[in-house]
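Residue strings, one per chain:
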Amino acid sequence: MEHSHHKGKSYMDNSNSTMPPSHHHPTTSASHSHGGGDGNMKMMPMTFYFGFKNVELLFSGLVINTAGEMAGAFVAVFLLAMFYEGLKIAREGLLRKSQVSIRYNSMPVPGPNGTILMETHKTVGQQMLSFPHLLQTVLHIIQVVISYFLMLIFMTYNGYLCIAVAAGAGTGYFLFSWKKAVVVDITEHCH
Amino acid sequence: MAMHFIFSDKVMLLFDFWSVHSPAGMALSVLVVLLLAVLYEGIKVGKAKLLYHTLVNLHRPASQELILAREQDSVDTDSLSVSRMTFRWFLCHFGQSLVHVIQVVIGYFIMLAVMSYNAWIFLGVVLGSAVGYYLVYPLLGKV
């Protein structure tokens, strides 16, 4: 316990002095602070940095301390970003294949010279309780969760991990999008 | 880190050297972030048009060139034109992937800028997205 307190205190001394010490957790906390639950004495970085010491990644307990662990995390984040791009393309393909019901709506529209034209609208859709739609919903949940994980990883402001996200997205797009049919996805916000 | 929006002149954005302490600096930063958001919307439409041009120019003429080459009865030009077409398509697709990486990175930068919880920056991002969308999306319909 003293060892963990000592480690925490030395990190605070080396930390970035530009951050105001507004949420300064006391290093001499209660005797049952076991390092697992409340041992989080880091201040969140707000600018990009390159480093691999004491980098907390997404989950408590998942801390990177060595260059080897950072390399492993780089590969894992790279593969996650690639998988995300692949999942996007796979969902598009599944949606195209499963659209079976086509409805035609015709309505009379006044045309030039007083004639009446028939305007026909074609709509394609899925049934709500069908298996393809349920599969799309499950894949959508997975896609949303992974996109938020990628956002949180980028939010660590660690330069290596951010490069891994960008490179994985680019490689995934390159490998999976060669068959892309939908030209623009206006629902993409973060990326 | 404060977890609510503040109207403030002091913010540190993205990089160590980008620290703002004055109204003039804040106005400049808001302008930069606004232009970044406009660029992001522009890249989205640019990528779509790139893909459209790739599909139109590099897939149909490929078959036409093949038919022409076969009529002239020379095997060498046949394979050469196919490999040239494939190489051009590969180059186009590689270019699109680079544009995609830039789009991802700019998207995340804008997210991190909003995460500074500075209200002026947030308004800059929103206004930039609106201006970008307004300027660029009509170009989607036109070829």
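All of these numbers come straight from a predicted model, not from anything done at the bench.

A few points about the overall build of chain A
Working step 1: Counting its secondary structure elements, chain A contains four helices and four strands.
Working step 2: Here chain A, with 191 residues, has 30% of them falling under the buried criterion.
Working step 3: Within chain A, residue pairs in contact and separated by at least 24 positions form 59% of the contacts whose partners lie at least 6 positions apart.
Working step 4: A total of about 12,300 Å² of accessible surface is found on chain A, and carbon and sulfur atoms cover 66% of it.

Looking at the UniProt feature "transmembrane region" (unreviewed entry) in chain B
All names here are of chain B.
Working step 1: Residues given the UniProt feature "transmembrane region" (unreviewed entry) here are residues 20-40, 89-111 and 117-140.
Working step 2: Segment residues 20-40 splits into 86% helix and 5% strand. End C-alpha atoms: 23 Å apart.
Working step 3: Between the C-alpha atoms that bound residues 89-111 there is a distance of 33 Å. The span itself is 100% helix and 0% strand.

Quick word on the side chain of Thr47 of chain A
Working step 1: Take Thr47 of chain A: it is sitting in the loop between helix H1 (2-14) and strand S1 (55-56).
Working step 2: Looking at Thr47 of chain A, its side chain comes within polar contact range of the side chain of Asp16 of chain B, at 2.7 Å.
Working step 3: Every residue in contact with Thr47 of chain A, bar those within four places of it in the chain, is listed here: Tyr157 of chain A together with Met12, Leu14, Phe15 and Asp16 of chain B.

Let's talk about the interface of chain A and chain B
Working step 1: Contact residues are listed per partner, giving 29 residues for chain A and 31 residues for chain B.
Working step 2: Together chain A and chain B conceal approximately 2,900 Å² of surface at their shared face, both sides included; 71% is due to carbon and sulfur atoms.
Working step 3: On the chain A side of the contact with chain B, Phe48, Tyr173 and Phe174 of chain A bury the most area, a combined 22% of that side's loss.
Working step 4: Run the count over chain A and chain B and you get zero salt bridges.
Working step 5: Of all the elements in the fold, those that place two or more residues in the side of chain A that touches chain B are helix H3 (131-154) and helix H4 (159-176) of chain A.
Working step 6: In terms of residue count, the dominant contributor to the side of chain A that touches chain B is H4 of chain A (six residues).
Working step 7: Residue composition of the side of chain A that touches chain B, by class: 19 nonpolar, seven polar and three charged.

A word on the side chain of Glu85 of chain A
Working step 1: Within the secondary structure, Glu85 of chain A is located in helix H2 (residues 67-98).
Working step 2: Not counting the four nearest positions on each side in its chain, Glu85 of chain A is found in contact with Ala169, Gly172, Tyr173 and Phe176 of chain A together with His100 of chain B.

A look at the environment of Arg88 of chain B
All names here are of chain B.
Working step 1: Topologically, Arg88 is positioned in helix H2 (residues 75-114).
Working step 2: Judged by its relative accessible area of 45%, Arg88 is partly exposed.
Working step 3: Through-space distance from the C-alpha of Arg88 to that of Thr54 is 9.4 Å; in sequence the pair is 34 residues apart.

How each quantity is defined
Residues numbered from 1 in each chain as written. Chains lettered and ligands numbered in written order. Predicted model: local features only at pLDDT ≥ 70, side-chain atom pairs only at ≥ 80, totals over all residues. Heavy atoms only, no water. Helix = DSSP H or I, 4+ residues; strand = E, 2+ residues; numbered from the N terminus. Buried < 20%, exposed > 50% of the residue type's maximum accessible area, 1.4 Å probe, protein only. Contact = heavy atoms within 4.5 Å. Areas by Shrake-Rupley, 256 points an atom, 1.4 Å probe, with all protein chains shown as cover. UniProt positions renumbered as here; feature names shortened; annotations may be inferred. Polar contact = N/O pair within 3.5 Å; in protein donor to acceptor, adjacent residues only side chain to side chain. Buried area = accessible area lost by both parts, 1.4 Å probe. Salt bridge = Lys/Arg side-chain N within 4 Å of Asp/Glu carboxyl O. Nonpolar A, V, L, I, M, F, W, Y, C, P; charged D, E, K, R; others polar.

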